[in-house]
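Okay, here's what each chain looks like letter by letter:
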Amino acid sequence: MYEDVPHGSADFPIGVHTTVCERGFALYPHTHREFEFLMLKSGSGIMNIDGCEYKLKAGEGVFVNSNSLHFGERETNERCVFFAIVFSPEIFGSFGSDLIMNKYVSPLLEKKMDFPAHYTEKCEWQREVLEGAEEVYNLAEERKSGFELSVKAILMNMWRLCFEHGTPASASSGDILERMKAAMEFMHREYASPLTLADIASETNMSREYFCRSFSKTIHMTPYKYLNRIRIDNSCAMIQTTNLPIGEIAQRCGFNSFSYFSKRFKEYIGCTPTEYVKKYRE
């Protein structure tokens, strides 16, 4: 759940990533320390950030604060393309006696301030933010001499616009979100074990019934469906990196029934485990 993949480099911590979704907008539930601007290039979808939904169409985007739980859901099955600009707070300066960091960045990290989440071309200043995101995307693609200076200048201007229209953070269902994060982290750690709903709910200090309702409402899928996605993702990684038999991989990823594993695998990945093995091993 907690994405710790490095974005950019230690001396220039910003990454620009493009994703193509052939069967509709999809983004796995996760969180990370970095800030993120995500913009939809084509298609449509629904972005969920800390329990709030935002419907996106081509040309629109969202801002995701540090450590916010976010995921994307398909609205239709049409092909969808989006890019994300993911950057560490340190892109703006260093912690300590740094005015920029203390005055304009720390309030976001400390959850004392909120930036608008949804950006459309209807609003002039938001359109300028979206245009800035496009420029950063193009600069990252071309990587001409001095592109780092241009990227940082544009990002600074985008941040200024967002800060000018930011608002004091409001009280929200933060406790529920933290409990759901704890449950998700537990599933990521223990996915190979024969977990029950009671096992997972115990990590949140909730009853099984209340936990299931809260999880489904927040994450938009049942706990077991989320657990199956973790197990399938790990089985894909094992297929790509080992020569273990498929049956053994299924067991190591928490599936006691091979037929159930095959059914869930095809549902999530779009092909059978055997077809996936042929693709990556042959």
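In case you missed it, the structure is sitting above this.
Residues numbered from 1 in each chain as written. Predicted model: local features only at pLDDT ≥ 70, side-chain atom pairs only at ≥ 80, totals over all residues. Heavy atoms only, no water.

J.: Explain the overall build of the protein here, please?
T.: Regarding its fold elements, the protein presents 10 helices and 11 strands. Looking at the 282 residues of the protein, the share that counts as buried comes to 46%. For the protein, contacts bridging at least 24 residues in sequence account for 70% of all contacts bridging at least 6. Only carbon and sulfur atoms are counted for the fraction: they give 50% of the accessible area of the protein, which is about 14,300 Å². Each charge class in the protein was averaged separately, 32 positive and 38 negative side chains, and the resulting centres sit 6 Å apart. (Helix = DSSP H or I, 4+ residues; strand = E, 2+ residues; numbered from the N terminus. Buried < 20%, exposed > 50% of the residue type's maximum accessible area, 1.4 Å probe, protein only. Contact = heavy atoms within 4.5 Å. Areas by Shrake-Rupley, 256 points an atom, 1.4 Å probe, with all protein chains shown as cover. Lys, Arg positive; Asp, Glu negative; His and termini not counted. Charge placed at Lys NZ, Arg CZ, Asp CG, Glu CD.)

J.: I would appreciate a short explanation of the packing of aromatic side chains in the present structure.
T.: A ring pair, where both rings are aromatic, is described by two values, the distance of the centres and the angle of the planes. Using the criterion set out here, one finds 27 aromatic pairs in the structure. Consider the rings of F25 and F82, whose centres lie 5.2 Å apart with planes at 75°: the pair is edge-to-face. One end of the pair, F25, is in the loop between β1 (14-21) and β2 (27-30); the other, F82, is in strand β8 (residues 80-87), and 57 residues separate them in sequence. By relative accessible area, which is 1% here, F25 ends up buried. Summarising the aromatic geometry, the rings of F115 and W159 are spaced 4.8 Å apart at their centres and angled 65° between planes, so their arrangement reads as edge-to-face. Residue F115 is found in the loop between β9 (113-114) and β10 (118-119), and its partner W159 is found in helix α3 (residues 147-164); the two are separated by 44 residues along the sequence. Note on accessibility: F115 and W159 belong to one class, buried. Sitting over the ring of Y268, R229 keeps its end group 5.1 Å from the ring centre. Sitting over the ring of F255, R231 keeps its end group 5.9 Å from the ring centre. (Phe/Tyr/Trp six-rings, centres within 6.5 Å; stacked < 30°, edge-to-face > 60°. Lys NZ or Arg CZ within 6 Å of the ring centre and 35° of its normal.)

J.: Would you take a moment to explain α3 for this structure?
T.: Helical geometry note: an α-helix holds 3.6 residues per turn, so side chains three or four residues apart project in the same direction. When the terminal C-alpha atoms of α3 are compared, their 26 Å separation across 18 residues agrees well with the 26 Å that a helix rising 1.5 Å per residue should span. Considered for burial, the residues of α3 that qualify are F147, V151, I154, L155, M158, W159, L161 and C162. Looking down the long axis of α3, one finds its buried residues gathered within 160° of arc, a one-sided arrangement. (Expected span 1.5 Å × (residues − 1). Arc of directions from axis to C-beta.)

J.: Before we go on, may I ask you to explain the nonpolar core in this structure?
T.: The tendency in soluble globular proteins is for nonpolar side chains to be buried as a group. Formed by 38 residues in total, the largest nonpolar core has its most connected members in M187, F211, F215, Y226 and F265. Elements represented by at least two residues in this core include exactly α4 (174-190), α5 (197-202), α6 (208-219), α7 (223-241), α8 (246-252), α9 (258-269) and α10 (273-281). Broken down by element, the residue count for this core peaks at seven residues, all from α7. Counting residues in each nonpolar core, the second largest holds 31 residues, with F12, L130, W159 and L161 among its members. (Core = buried A, V, L, I, M, F, W, Y, C linked by side-chain atoms within 4.5 Å.)

J.: Would you mind going over the environment of R264 with me for this structure?
T.: Locating R264 in the fold gives a position in helix α9. What makes R264 buried here is its relative accessible area of 13%. Sequence separation between R264 and M187 is 77 residues; the distance between their C-alpha atoms is 17 Å. When sequence neighbours within four positions are dropped, the list of residues in contact with R264 reads N228 and I232.

J.: Would you mind going over unusual backbone geometry with me for this structure?
T.: As a rule of thumb, non-glycine residues mostly have phi less than zero, and peptide bonds are mostly trans rather than cis. A positive phi is found at D50, a non-glycine position, where the angle reads about 50°. For D50, the location among the structural elements is in the loop between β4 (44-49) and β5 (52-57).

J.: Hey, could you run me through the sheet that holds β2 in this one?
T.: Sheets are built from strands paired through backbone hydrogen bonds, the pairs being either parallel or antiparallel. With antiparallel pairing, the four strands of this open sheet are ordered in space as β2-β7-β4-β5. In this open sheet, the two edge strands, each paired with only one partner strand, are β2 and β5. The average undirected angle you get between the axes of adjacent strands in this sheet is 25°. Both β2 and strand β7 (residues 70-73) contribute to a ladder of two bridges, which runs antiparallel. Across the sheet, H30 pairs through a bridge with H70, a residue of β7. (Pairing = 2+ DSSP bridges. Axes fitted to C-alpha atoms, helices over the stretch in contact; angles between N-to-C directions.)

J.: Would you take a moment to explain the pattern of salt bridges for this structure?
T.: When their charged atoms lie close together, side chains carrying opposite charge are able to pair. Throughout the structure, instances matching the rule amount to 13 salt bridges. E209 is the partner of R208 in a salt bridge, and the nearest nitrogen-oxygen pair spans 3.7 Å. Take R208: its relative accessible area is 44%, and that puts it in the partly exposed class. A residue is classified by how much of its surface remains accessible, and E209, at 46% relative accessible area, is partly exposed. Put simply, D233 and R229 hold a salt bridge, and the shortest N to O gap is 4.0 Å. Here the residue D233 and the residue R229 both occupy positions in helix α7, the gap between them amounting to four residues, near one helical turn. (Salt bridge = Lys/Arg side-chain N within 4 Å of Asp/Glu carboxyl O.)

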